[in-house]
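Each chain, written out:
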Amino acid sequence: MTGPAAETQTGRYSKPVPTSNLSYTDNVPEFEPFEGVAESEATPRGFAPDGVALDVQNINMCQDINKPKHYTTDYNTPNLVVRRGREFVMRVTFNRPLVVGDDFHIEFQIGSDPSPNKGSLVMVNFGNRVNGLWSGQILESQGQCVTFGITPTANAIVGKFQVYVAISRGNGMQRTKRDAATDMYLLFNAWCPEDHVFLPDEAERQEYVLNDEGVIYQGSSDSVTERPWTYGQFERGILDACIFVLDASQMPIYDRGNIVKVVRVGSAMMNSQDDNGVMVGNWSNDYSMGKPPTSWTGSTKILLQYANTGVPVCFAQCWVFAGVFNTFLRCLGIPARVITNYNSAHDNTGNLKTDLIFNADGTPDRRNTRDSIWNYHCWNEVIIKRSDLPPGLDGWQVVDATPQETSDGYFRCGPAPVIAIKEGQLCYPFDCGFVFAEVNSDVVFLKRDKYGNLTPFKVDKTYIGEKICTKAVGSQQAMNITDTYKFPEGSTEDEASMARAEEYGCERDHSETPDTNMTVTISVEPCDIGQDMQLTVTFKNNSNILRTVQAHLDCDIIFYTGVVASHFKDIPFNATVLPYQSYSVPFKIPAYEYQDQLSSQTCVRFMVTAQSGNIHLLDFKVVELQTPSVKVMLSGEPQLNQEMAVKVEFTNIFSFPLRGVTLSLEGAGLIAPKTKYYREIASQTTISWQEVFTPRLPGLRRITALIDCQEVRQVSGFAEVSIPYPAR
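## Some thoughts on the overall build of the protein
Of the regular secondary structure elements, the protein holds 12 helices and 40 strands. In terms of overall dimensions, the protein has C-alpha extents of about 110 × 60 × 50 Å along its principal axes. A burial count over the protein gives 54% of its 728 residues as buried. Considering only intrachain contacts with a sequence separation of at least 6, the fraction spanning at least 24 residues in the protein is 68%. Total accessible area on the protein is roughly 30,700 Å²; 48% of this is exposed by carbon and sulfur atoms. Between the centroid of the 62 positive side chains of the protein and the centroid of its 84 negative side chains there is a distance of 3 Å.

Here you go:
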């Protein structure tokens, strides 16, 4: 491997491009001759201003002072973590007090073969020399102990730096010995106005950078469900794991200060589709070679497993990609949040039409339908300044790690300015057209005759992107942000945005469908798994003619992607509707008809198609079946570093046993991920599990428990506890 890699560099680069931050073999010499001095003539001996050569006895990175000022106290690492664009202090103890004429600098190196002109070697000079990129000053000098203030630039490379003090000695520079304890992590800084991730609102910084617990919204647009997710960006090993992701991508070290490039690489590396990235996507319902996507409680186990093995982790779906990507972004200091788009269009032809095809008898034509509508799709937003684009396109940007389409050769998406999506300005990078279609497509319903000809009979312009939401700042509630992506349906602004999008190549639907004076709607009562389902089909006749309707009710278990997992019932029926009247037909779906078909899916779709003369009617409803909950109880005095206990209880309320059950437990700052396995939980049996833990971090904390097995998935519960902050 080494030979060919070195060979490919020849003629292209004068030296190999450094791409590794955590593992490289450069040995930094303790003595380095000045430029032009032959090594044979180099000597560390030279004139000392006061007769005693200056030497370094100790370097103190002053973590107790720096971490609170840089909002990095929560990082569980022995090394200093600071944010760029803000001064940090370090204390150096010399062998004697400084005197005029002492010539030295503090050196920060990142990656192999560091270079001053690439920003990977930074020298902060003291004395008469001109300073480098970063500024420095002596804050205090007490005898041999000197306190320095160092301010990295707001666009500095992000990652792990080695720190040295280098003193001019003879005809070269004498460095301190390599000391891993003085290594320093430098992050993006949402508190710095000059940093491209600057976020002016403190409450938003607390939420989008510092909150290590979250909620990811699932279900359907009219039945939103909450999934607790532990981001855990401050847990031990996670910061190194995020840097490892950049190393695994072979991203050049000197590009790692560029926020657009970092989020694009991160988006590509979260999936393993083409670059051996973090997670393997799997929507097949066969998870025998890994863990079901529904079984994860958070990001930490996934990132640590990937960093420790270098092998993609099995398996993930969209909310897992979004949750882990959110951890990656927040860990590096980038303000980020998880977004859920309900009724998300996934079109195979790159236009603004989602085509659903039906047979002549009204049944869905699954063989010829290629497009799909996901019940929901999760992606991320980051808030950044887009210096690569014209003014007005800063702010929230869509980034998506779920592998769907390639962007510049890799499965990734974004950053796409949300404001550009709303305005239909699809000419700006990256991938605005793809996101625009996800939230704005028209659903076109077509009848296919025996010759294969397709005739549109209904167009729904409001279903796609019906609701877009994210967790509210400082709350567990969902915040509807649909209006940041699109104007009100049918408004002048909306029409202008759609027309503009079409000018940029997104073809819209211009089908003319006949006006009908009759409608059909489906309503379904909320239902728990294992209960009979009650639904009603209502026809409304707005004409002065009596209508006889031939109808068909199609009942499917579907993946959340809209793909049919199991078709379990067909119900043909007729109805007669009087002029200007409504007529309702109730249906009862016994639990035994759908229960055995569910497997890992909890979504049922009912679709009614009907015909009365030349009038074609259609409506469908997706129902998210409600799962039982896990009971999580905490005991003990909530104090930092004081032992507490968590007890988890779950009762199998079903009439059948649950087999091969995993019970997972996790809480950022409280308890590391733990898992317990049960061979079988019999019907009406209660299990309990107790663990002790010691709170590491203060504030409002959460422990999440999750039950996962083949018979029922996404069964969870959580408990919150407020750990007091230590007295100052």
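Anyway, onward from the coordinates.
## Concerning the pairing of strand 29 (residues 547-558)
Within strand 29, 10 of the 12 residues are buried, leaving the element largely enclosed by the surrounding structure. Sheet topology places strand 29 next to strand 30 (residues 564-577); 12 bridges connect them, and they run antiparallel. Within strand 30, the position partnered with H552 by the bridge is P572. Counted along the chain from strand 29 to the antiparallel partner strand 30, the turn is 5 residues long, and its residue G562 has a positive phi close to 90°. Pairing of strand 29 with strand 32 (residues 603-612), which is carried by 9 bridges, proceeds in the antiparallel orientation. For C555, the partnering residue across the bridge sits in strand 32 and is F606.

## Quick look at the pattern of salt bridges
Summed over the entire model, instances satisfying the criterion amount to 32 salt bridges. Note that R696 is salt-bridged to E235, the shortest N-O span being 3.5 Å. Linking R696 in the loop between strand 38 (686-693) and strand 39 (699-708) with E235 in the loop between strand 13 (223-230) and helix 4 (238-248), this pair joins segments that are 461 residues apart in sequence. With a relative accessible area of 27%, R696 lands in the partly exposed category.

## What about the side chain of S441?
Looking at the element boundaries, S441 is found in the loop between helix 9 (432-440) and strand 23 (442-448). The exposure class of S441 is buried, given its relative accessible area of 1%. Of note is the side chain of S441, whose polar atom sits 2.8 Å from the backbone oxygen of A437. Among residues more than four places away in sequence, those in contact with S441 are A345, N351, L352, K353, T354, F436 and I464.

## Notes on the sheet that holds strand 26 (residues 478-480)
In space, the 6 strands of this open sheet follow the order 22-19-18-16-25-26, with antiparallel pairing throughout. Whereas interior strands pair on both sides, the edge strands pair on one side only; in this sheet they are strand 22 (413-417) and strand 26. On average, each strand axis in the sheet is inclined to that of its neighbour by 30°, with strand direction left out of account. One ladder, built from 3 bridges, connects strand 25 (residues 467-471) with strand 26; its direction is antiparallel. Paired with K471 across the bridge in strand 26 is A478. This element, helix 7 (residues 318-331), spans strand 16 (336-346), strand 18 (372-384) and strand 19 (395-400) of the sheet and lies at about 5° to strand 18. Contacts between helix 9 and the sheet are confined to strand 16, strand 18, strand 19, strand 22 and strand 25, with strand 16 contributing the most and set at about 65° to the helix.

## Overview of the packing of helix 4 against helix 7
Each pair of packed helices can be described by the angle between their axes along with the distance between the axes. Following both chains from N to C, one finds helix 4 and helix 7 inclined at 100°, their axes separated by 10 Å at the closest point. Classified by the interaxial angle, the pair formed by helix 4 and helix 7 is roughly perpendicular. Each of I238, L239, C242, V245 and L246 in helix 4 lies in contact with helix 7, whose residues at this interface are T327, F328 and C331. A per-class count over the contact of helix 4 with helix 7 returns 7 nonpolar, 1 polar and no charged.

## Concerning the confidence of the model for the protein
For the protein, the average pLDDT comes to 92, and 95% of its residues sit at 70 or higher. Per-residue pLDDT stays below 50 along residues 1-7; that stretch engages in 0 contacts with residues further than four places along the chain or on separate chains.

## Concerning unusual backbone geometry
Note the cis peptide between C314 and F315, where omega equals 5°. Along the chain, F315 falls in strand 15 (residues 313-316). The step from G414 to P415 runs through a cis peptide bond, and the omega angle for that step is 5°. Inspection of the secondary structure assignment puts P415 in strand 22. Unlike most non-glycine residues, Y71 shows phi in positive territory, near 55°.

How each quantity is defined
Residues numbered from 1 in each chain as written. Predicted model: local features only at pLDDT ≥ 70, side-chain atom pairs only at ≥ 80, totals over all residues. Heavy atoms only, no water. Helix = DSSP H or I, 4+ residues; strand = E, 2+ residues; numbered from the N terminus. Buried < 20%, exposed > 50% of the residue type's maximum accessible area, 1.4 Å probe, protein only. Contact = heavy atoms within 4.5 Å. Areas by Shrake-Rupley, 256 points an atom, 1.4 Å probe, with all protein chains shown as cover. Lys, Arg positive; Asp, Glu negative; His and termini not counted. Charge placed at Lys NZ, Arg CZ, Asp CG, Glu CD. Pairing = 2+ DSSP bridges. Salt bridge = Lys/Arg side-chain N within 4 Å of Asp/Glu carboxyl O. Polar contact = N/O pair within 3.5 Å; in protein donor to acceptor, adjacent residues only side chain to side chain. Axes fitted to C-alpha atoms, helices over the stretch in contact; angles between N-to-C directions. Parallel < 35°, antiparallel > 145°, perpendicular 65-115°, else oblique. Nonpolar A, V, L, I, M, F, W, Y, C, P; charged D, E, K, R; others polar. pLDDT = per-residue confidence, 0-100.

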